Amino acid sequence: MAAPLADLAKQIPLLIAAVASVFLIVNLSAVHGEIEDSVIPPSGTQNRLKVAAAKPTRYLLYDINPGEGFNLRRDVHMRIANLVKALNEVEPWVLVLPPWGRLYHWKTRGLNQMKLPWSKFFDIPSLSYHIPVMEYEDYIEVTGVAQVDMIYYLQNYAEGWTDGKWEEKIDERDCIGSPLYQTDEEGRYRGWFWGYSETYADGFKCLSVQAMAKMMIPILTENTTARSVFLDRAEKLLHDSFGMPEYWTARRSMRFSKELRDIGDEFRRLHLDSDDVKDKTELLDDWREMKRDPGSALGGPYIATHIRRQDFARNDREVVPTLEGASKHLVKLLEKYELKKIFIATDAPNSEIKELKDHLSGYEVYHYVPPKAVLENFMDGGIAIIDQWICAHARYFIGTGISTFSFRIQEERQILGFDPKMTYNRFCGKAESETCEQPTVWNIRW
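Values in this document were obtained by computation on a predicted structure and should not be read as measured data.

1. Details of the state of the cysteines
Next up, step 1: On inspection of all chains with the given rule, the structure shows 2 disulfides.
Next up, step 2: The disulfide bridge from cysteine 175 ends at cysteine 206, spanning 2.0 Å between sulfur atoms. Between cysteine 175 and cysteine 206, the S-S torsion sits near 95 degrees, and that sign places the bridge as right-handed. Of this pair, cysteine 175 sits in the loop between strand E5 (169-173) and strand E6 (182-183) while cysteine 206 sits in strand E8 (residues 200-210), placing them 31 residues apart in sequence.

2. Describing the nonpolar core
Next up, step 1: By size, the foremost hydrophobic cluster in this structure holds 75 residues, and its most contacted members are Leu60, Tyr152, Met216 and Phe343.
Next up, step 2: Sort the elements by how many residues they give to this core and helix H12 (residues 372-392) lands first, with 10 residues.
Next up, step 3: With sequence-adjacent residues up to four places away left out, methionine 216 is seen in contact with Leu83, Tyr152, Ile170, Leu207, Leu231 and Leu237.
Next up, step 4: By size, the runner-up hydrophobic cluster in this structure holds 20 residues, among which are Ile140, Ala146, Tyr153 and Phe204.

3. Some remarks on the packing of aromatic side chains
Next up, step 1: One pass over the full model with this rule turns up 28 aromatic pairs.
Next up, step 2: Centroid distance phenylalanine 70 to tryptophan 100: 4.6 Å. Interplanar angle 40 degrees. Geometry classified as tilted. Here phenylalanine 70, found in helix H2 (residues 70-87), pairs with tryptophan 100, found in the loop between strand E2 (93-97) and helix H3 (124-128); they are 30 residues apart in sequence, far enough to count as distant.
Next up, step 3: Ring centres of phenylalanine 122 and phenylalanine 256 lie 5.9 Å apart, and the angle between their planes is 35 degrees; this geometry places the pair in the tilted category. Taken together, the positions of phenylalanine 122 in the loop between E2 and H3 and phenylalanine 256 in the loop between helix H6 (245-253) and helix H7 (258-271) put the pair 134 residues apart, joining distant regions of the chain.
Next up, step 4: A network of ring pairs unites the aromatic residues Tyr59, Tyr136, Tyr139, Tyr153, Tyr181, Tyr189, Phe193, Trp194, Tyr196, Phe204 and Phe230 as a single cluster.
Next up, step 5: The ring of tryptophan 192 carries arginine 102 above its face, with NZ or CZ at 3.8 Å from the centroid.
Next up, step 6: Over the ring of tyrosine 196 we find lysine 115, and its NZ or CZ is 4.7 Å from the ring centre.

4. Structural notes on empty space enclosed by the protein
Next up, step 1: Inspection of the entire model under this criterion finds 3 cavities of 30 Å³ or more.
Next up, step 2: Size it by volume and the largest cavity reaches roughly 200 Å³.
Next up, step 3: Taken together, 16 residues line the largest cavity, and the ones lying closest to its centre are Asp63, Arg73, Pro99, Gly101 and Trp194.
Next up, step 4: Partitioned by chemical class, the residues of the lining of the largest cavity number 12 nonpolar, 1 polar and 3 charged.
Next up, step 5: Estimates place the volume of the second largest cavity at around 90 Å³.
Next up, step 6: Lining the second largest cavity are Arg251, Arg252, Met254, Arg255, Leu283, Trp287, Met290, Trp389, Glu412, Ile415 and Leu416.
Next up, step 7: Elements that contribute at least two residues to the lining of the second largest cavity include exactly H6 and helix H13 (404-416).
Next up, step 8: At 3 residues, the largest contribution of residues to the lining of the second largest cavity is made by H13.

5. With respect to the layout of surface pockets
Next up, step 1: One number sums up the size of the largest pocket: a volume of about 1,000 Å³.
Next up, step 2: Mapped onto the lining of the largest pocket, the elements with two or more residues apiece are H2, strand E11 (341-346), helix H11 (350-359), H12 and H13.
Next up, step 3: No other element matches the 6 residues that H12 contributes to the lining of the largest pocket.

Each value, and the rule that gives it
Residues numbered from 1 in each chain as written. Predicted model: local features only at pLDDT ≥ 70, side-chain atom pairs only at ≥ 80, totals over all residues. Heavy atoms only, no water. Disulfide = S-S within 2.5 Å. Helix = DSSP H or I, 4+ residues; strand = E, 2+ residues; numbered from the N terminus. Core = buried A, V, L, I, M, F, W, Y, C linked by side-chain atoms within 4.5 Å. Buried < 20%, exposed > 50% of the residue type's maximum accessible area, 1.4 Å probe, protein only. Contact = heavy atoms within 4.5 Å. Phe/Tyr/Trp six-rings, centres within 6.5 Å; stacked < 30°, edge-to-face > 60°. Lys NZ or Arg CZ within 6 Å of the ring centre and 35° of its normal. 1 Å grid on protein atoms, 1.4 Å probe; cavity = no way out; pocket = protein on both sides within 12 Å on 5 of 7 lines; lining within 4 Å. Points joined across faces, edges and corners; volume = space filled by probe spheres on them. Nonpolar A, V, L, I, M, F, W, Y, C, P; charged D, E, K, R; others polar.

Here it is in structure tokens:
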């Protein structure tokens, strides 16, 4: 009996593998399609499984108001990314990342800052850990044509709030104002598609929107059979859970590209005596495994500041400090934390940067000036990210009130594990007292 038992023992792993394969097929079928017949065939029939075809992948594209800046666009990505995550609980959807270009703050002359892929600025594998994503040119290659089935143009309600109260709703309405898309001689809708003039849409509708992003789910899964849907003016859709774990999951997935991080890290090492080991800011390869306690990060021996100028200063905003006032506050911080180095991220002209340095004489003041090759490769958007990355690793950060550039730095520092008290700080404006209200702390939620 020993030999038969030994033979049987050898067969057990094969039997287990066969059973596991059956359950895998059942699970995949349950996700992507209904099972047509019983998975376990009746005795005497051909041993074959019959399952339905997988549901076809659908594609969601989006864009926002052309006048909005880089950092608000990052915020809208999080809203749409979490919408796509919810859509994938119903059927397979892929988020097509809108090419970057033609932004208000990208003003360096001589650069062709159009049709820029997300991989220029962000780590695509990190984004894909959260939801399925692809670049727009990959979408064209996969589908075989620069075309979308349906545009939903999101707009406000012409009548405003009903009885002065906000309520969540979406309705198909006539377009407010002149249509931004025109039909050509073939009945195709033409308009602005990130500079890709060959792109067109087969259908177009205006939706009045006053809603969180996930309220689009029934419209996308029940009201249209379009395989590809383009949401224009997607900033009209609000966060479903701002500041909650879902928000932070999307935010953590937006890791900067390694090339840009490396440039910022090299600047820190060469000029600011800062590296991830000493600063306690080491990154894990997979952001999903990285959960830092507040205060666990030390930061480099320098203070970082974002001083927003140009349009903020021109509009005489109350939250904008004078250069002299900002400098005096920075000196107090340098003395308090016994530091000698300061890094300044700013859109100020060279004359104002020189003025800041004059006010801060006696301290080492640094400002990132990209080499020509770096600027030509990564454009204005990449230089802004390098600034943000250096600011995110400072011992102490102080920014400009109501600036999304500053806010994104504060979020980055939360992810790295900095104490909120060393992060959520802003200058008091020239029309404010020295004890002005500081930014609201949005503690990271895992």
